[in-house]
Amino acid sequence: MLNHKDLKIFEALYKEHFVFFSLTSFNIVKDKDVANDIVQDFFIYLWEKEELNFTVSFKAYGSKAIKNLSLQYLEKHKTISLQTKKIVLPKSEEQNIFENIEENKKPQIQTLVEKIPQARREIFISHVVEGLSYAEIAEDQNISINTVKTQMKRAYASLRESQKTSHLNLILYFIWLIK
């Protein structure tokens, strides 16, 4: 049982898991603001709940809950994929300026990713850029899912070693934007 009414414990959980849960939700709903709202609603629900009992880790519990909430959101709002319908939306000036700023960051990001060993980099790019699941990567490369997981962990670790945490967050944010 978690004494979640202790603000410090709850705040630590929020800070530790918010970005991961937001990315999890974003992979489903494809909207940053909606993903953030879903994660915030999840934490509000936890705060208001009288008692919390987890049979698995908080991260596993939260990931499953966020996935379910994201799928419920899609079902409720009957979201239509713009990619499927080939609809091109006009970009606002603000979006164009933001994209130009991000274009300047691409060489830095590419340099960091190129420092990852070749086989590991292929797995990393397959998952992060191409959006393949660990199972799909394992099948394509004829390796186990655990090998894919290990290589992804090592890829992220080498990125952390290569640059400061703020630059890693920039990379993750950039990858999040291009998906």
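Please refer to the structure placed before this passage.
Now for a look at the structure at hand. Everything quoted here is computed from the prediction, not taken from an experiment.

1. A word on the side chain of H17
And then number 1: Turning to its location among the elements, H17 is positioned in helix α1 (residues 7–29).
And then number 2: When its relative accessible area of 7% is taken as the criterion, H17 is described as buried.
And then number 3: In this view, H17 contacts F43, F58 and K59; residues no more than four positions away in its chain are not counted.

2. Here's the deal with the packing of aromatic side chains
The geometry of two aromatic rings is summed up by the distance between their centres and the angle between their planes.
And then number 1: On inspection of all chains with the given rule, the structure shows 13 aromatic pairs.
And then number 2: Note on Y14 and F18: the rings are 5.0 Å apart at their centroids and 35° apart in plane angle, and the pair reads as tilted. With Y14 and F18 both in helix α1 and 4 residues apart, the pair spans about one turn of that helix.
And then number 3: Accessibility expressed as a relative area gives 17% for F18, which makes it buried.
And then number 4: Taken together, the ring pairs connect F10, Y14, F18, F20, F21, F42, F43, W47, F58 and Y61 into an aromatic cluster.

3. Regarding helix α3 (residues 58–77)
And then number 1: For α3, built from 20 residues, the straight-helix expectation of 28 Å at 1.5 Å per residue is met to within 8% by its first-to-last C-alpha distance of 28 Å.
And then number 2: Every buried residue belonging to α3 is among F58, G62, S63, A65, I66 and S70, and all of these are buried.
And then number 3: Just beyond α3, the residue with positive phi is K78, at close to 45°.

4. Describing the packing of α1 against helix α2 (residues 32–48)
And then number 1: Between α1 and α2, the least distance of the axes is 8 Å, while the angle of their chain directions is 145°. The hand of the α1/α2 crossing is right-handed. Residue-level inspection shows L7, F10, L13, Y14, H17, F18, F21, S22, S25, F26 and V29 of α1 in contact with α2, the latter providing K32, V34, A35, N36, I38, V39, Q40, F42, F43, L46 and W47.
And then number 2: Residues of the contact of α1 with α2, tallied by class, amount to 16 nonpolar, 5 polar and 1 charged.

5. Considering the environment of R120
And then number 1: Among the secondary structure elements, R120 is positioned in helix α6 (residues 118–128).
And then number 2: Take R120: its relative accessible area is 17%, and that puts it in the buried class.
And then number 3: Linking R120 and Q151, residues 31 residues apart in sequence, is a C-alpha distance of 5.6 Å.
And then number 4: For R120, the contacting residues outside a window of four places in its chain are Q151, R154 and A155.

6. As for the pattern of salt bridges
And then number 1: Evaluation of the coordinates by the stated rule reveals 1 salt bridge.
And then number 2: For E11, the salt bridge goes to K15, with nearest N and O atoms at 3.0 Å. Of this pair, E11 and K15 are both found in helix α1, 4 residues apart, which corresponds to roughly one turn of the helix.
And then number 3: Taking relative accessible area as the criterion, K15 reaches 61% and is therefore assigned exposed.

7. Overview of unusual backbone geometry
And then number 1: Phi at K30 is positive, roughly 60°, even though this residue is not glycine.
And then number 2: Mapping K30 onto the fold places it in the loop between α1 and α2.
And then number 3: Positioned with a positive phi, N142 is a non-glycine residue whose angle comes to about 55°.
And then number 4: Structurally, the position occupied by N142 is in the loop between α7 (134–141) and α8 (145–162).

Thresholds applied
Residues numbered from 1 in each chain as written. Predicted model: local features only at pLDDT ≥ 70, side-chain atom pairs only at ≥ 80, totals over all residues. Heavy atoms only, no water. Helix = DSSP H or I, 4+ residues; strand = E, 2+ residues; numbered from the N terminus. Buried < 20%, exposed > 50% of the residue type's maximum accessible area, 1.4 Å probe, protein only. Contact = heavy atoms within 4.5 Å. Phe/Tyr/Trp six-rings, centres within 6.5 Å; stacked < 30°, edge-to-face > 60°. Expected span 1.5 Å × (residues − 1). Axes fitted to C-alpha atoms, helices over the stretch in contact; angles between N-to-C directions. Left-handed = near helix turned anticlockwise from the far one by under 90°. Nonpolar A, V, L, I, M, F, W, Y, C, P; charged D, E, K, R; others polar. Salt bridge = Lys/Arg side-chain N within 4 Å of Asp/Glu carboxyl O.

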